[in-house]
Amino acid sequence: MLISAKALILGPGELLAPGMVRVLGNRIVQVAEEIPLRLGEERVVLEDAVLSPGLINAHVHLDYTGLRGKLPADSFPAWVKEIIRLKASLSPVELEAALEEGFRLLAGSGTTGVVNMEAYPELLLLADRFPLRCWWFLELLDIRPHVWSPEATCGALRFFDDPHRPLGKLGLAPHAPYTVSPELYRLVRQSAQRFRLPATTHLSESPEEWEMFCQGGGALLDLVRQAGRPRENGRELSPLQWLDRIGGLVPGMLLVHLNYLADADWALLARGEHPVVHCPKSHAFFSYPPFPLERMLSLGIPVCLATDSLASNDSLDLREEIRVARERHPGVPAQRWWEMVTSAPARALGFPGTLGEIRSGAWADLAAFRWVKGSDPWEACIEGREEPLFLMVNGKVLQTEDRRYR
Ligand SMILES: [Zn+2]
């Protein structure tokens, strides 16, 4: 297939206008200003559009897509209590519908790749049904004794049996330092290294988590004590320092949130080994203090953007995340924002040049947005409210102007 567009965003700050892309199978095989059409080759012409690498959402819980507007924003512990209650009431049918709706919302905003926290491993049995590239991160916690059902075990094991799936990949997500023991974090580190799996964890999200770790008190500590968690380690350490101290930091682990940081955390982050995932609208939902984005970028710390779930957001559209975030960080250029939803998450997941960029040899994951010649293409992508004019994942066309993904 030969796709031509008035402009192509190839990678960070790199534009080709006009340009063409040849896709063969699931890969991009040629990128140039002009490529001659081969006999019998299908051609897609995108008028008034900019073709971009498909967006990658670095942190979402699709299980909670049905919980939009149902949770309180008063405090993080109150939110946690309520989501535990709501989760217990979700039926298998509702969970399946939540996944379907979640993938539909992602595709409708130009997202082709997603890092999904999966609290119900049995849903992995449905993974092949969804046409987006998805990293299914098994959510792990041991705050209470818990045995997986045979369906959950089966769902997870299927991925180990068949690691070469076209779209579904596996990852490990120990939930957070307040729900995961040091032993489980260390087991995750060993397993991630042994099976070469990516890992992620929620870290230093709320003032209550900070209080629990740095001062040994507060409402979150009370909540986890009620759940039976002994609290023997880590007092007077930031959550990040605690995780490092107990040996739970997996090389390359995606650290989600980091809204509260100690001075000592900055030296660790400045090594650039751990991508930080920032969720601007979830951050705003909980009214957290300003996120130190500019400092992270100036130190070369890799930053990705994500939506988190609809339990603390009203949309899974990464363009909205950028629009909200840049009101708070007006000095960050549009190209840099776009990098945080394309090539940065691709690198964080271990696929530089293969994902999140338009290059010969990369997977054909593409999204086209409306653009008027003469205007800034990155601005057009960010400010666009419409569904993508064209969406391709792994070489397969999912959406065009007259055919929507449903
Ligand atoms: Zn989350």
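Model, not experiment: these values are computed from the prediction. (Residues numbered from 1 in each chain as written. Predicted model: local features only at pLDDT ≥ 70, side-chain atom pairs only at ≥ 80, totals over all residues. Heavy atoms only, no water.)

(A) Up close: empty space enclosed by the protein. Scanning the entire structure with this criterion turns up 2 cavities of 30 Å³ or more. Considered as a void within the structure, the largest cavity measures approximately 50 Å³ in volume. Around the largest cavity, the lining residues are Ile9, Gly11, Pro12, Pro53, Gln335, Trp338, Glu339, Thr342, Ser343, Gly356 and Trp378. Elements supplying a minimum of two residues to the lining of the largest cavity: β1 (2–11) and α12 (334–339). Tallying contributions element by element places α12 first for the lining of the largest cavity, with 3 residues. When grouped by side-chain class, the residues that make up the lining of the largest cavity number 5 nonpolar, 5 polar and 1 charged. Residues from two domains meet in the lining of the largest cavity; each of domain 1 (2–53 + 357–400) and domain 2 (55–348) gives at least three. By volume, the second largest cavity is sized at about 40 Å³. (1 Å grid on protein atoms, 1.4 Å probe; cavity = no way out; pocket = protein on both sides within 12 Å on 5 of 7 lines; lining within 4 Å. Points joined across faces, edges and corners; volume = space filled by probe spheres on them. Helix = DSSP H or I, 4+ residues; strand = E, 2+ residues; numbered from the N terminus. Nonpolar A, V, L, I, M, F, W, Y, C, P; charged D, E, K, R; others polar. Domains from an automatic or database assignment.)

(B) Region of the structure containing the nonpolar core. In terms of nonpolar packing, the biggest core is built from 105 residues, with Phe103, Trp136, Trp337 and Trp338 touching the most fellow members. Both of domain 1 (2–53 + 357–400) and domain 2 (55–348) provide at least three residues apiece to this core. Aside from chain neighbours lying at most four places away, what touches tryptophan 136 is Leu99, Phe103, Asn116, Glu118, Leu124, Ala127, Phe130, Phe159, Gly168, Lys169, Leu170 and Gly171. Counting 22 residues, the second-largest nonpolar core is a separate cluster that includes Leu8, Leu16, Leu46 and Val397. (Core = buried A, V, L, I, M, F, W, Y, C linked by side-chain atoms within 4.5 Å. Buried < 20%, exposed > 50% of the residue type's maximum accessible area, 1.4 Å probe, protein only. Contact = heavy atoms within 4.5 Å.)

(C) Quick peek at the domain arrangement of the chain. Each domain of the chain was delimited in the assignment, giving domain 1 (2–53 + 357–400) and domain 2 (55–348). Put simply, the middle of domain 1 and the middle of domain 2, counted by C-alpha atoms, are 30 Å apart. Contacts between the two partners involve 26 residues from domain 1, matched on the other side by 24 residues from domain 2. For the pair domain 1 and domain 2, the interface holds 3 salt bridges. On inspection of domain 1 and its partner domain 2, the count reaches 9 residue pairs in polar contact (both at pLDDT 80 or more). Every element with two or more residues in the side of domain 1 that touches domain 2 is listed here: β5 (43–53), β14 (366–370), α14 (377–383) and β15 (390–393). With 5 residues, the single largest contributor to the side of domain 1 that touches domain 2 is α14. Its residues placed into classes, the side of domain 1 that touches domain 2 shows 15 nonpolar, 4 polar and 7 charged. (Salt bridge = Lys/Arg side-chain N within 4 Å of Asp/Glu carboxyl O. Polar contact = N/O pair within 3.5 Å; in protein donor to acceptor, adjacent residues only side chain to side chain.)

(D) Examining a nonpolar patch on the surface more closely. Side chains of Leu157, Phe160 and Phe195 sit close together on the surface and give an oily, nonpolar patch of about 270 Å² of accessible area. What makes phenylalanine 160 partly exposed here is its relative accessible area of 33%. (Patch = residues over 30% accessible without salt bridge, like charges linked within 9 Å, V, L, I, M, F, W, Y side chains within 5 Å. Areas by Shrake-Rupley, 256 points an atom, 1.4 Å probe, with all protein chains shown as cover.)

(E) Focus on the coordination of the zinc ion. Protein coordination at the zinc ion: the donors are His59 (NE2), His61 (NE2), His202 (NE2) and Asp308 (OD), at 2.1 to 2.6 Å from the metal. In this structure, the zinc ion is coordinated by 4 donor atoms arranged in irregular fashion, with angles at the metal of 85 to 172°. Here the donor residues of the zinc ion are spaced in sequence according to H-x1-H-x140-H-x105-D. In this pair, histidine 202 sits in strand β10 (residues 200–203) while aspartate 308 sits in the loop between β13 (303–305) and α11 (318–328), placing the two residues 106 residues apart along the sequence. Residues histidine 202 and aspartate 308 agree in their burial class; the two are buried. (Donors = N, O, S within 2.8 Å, 3.2 Å for Na, K, Ca; no water. Tetrahedral: all angles 85-135°; square planar, octahedral: opposite > 155°, others 65-115°.)

(F) How the structure looks around the pattern of salt bridges. In this structure the tally under the stated criterion is 21 salt bridges. Measuring nitrogen to oxygen at the nearest pair gives 2.7 Å for the salt bridge that ties glutamate 357 to arginine 359. Residue classification places glutamate 357 among the buried positions, given a relative accessible area of 11%. A relative accessible area of 25% means that arginine 359 is categorised as partly exposed. Here glutamate 383 and arginine 385 are joined by a salt bridge, their closest N and O atoms 2.9 Å apart. Looking at glutamate 383, the relative accessible area reads 35%, which means it is partly exposed. Each of Arg326, Glu379, Glu383 and Arg385 takes part in a single network of salt bridges with overlapping partners.

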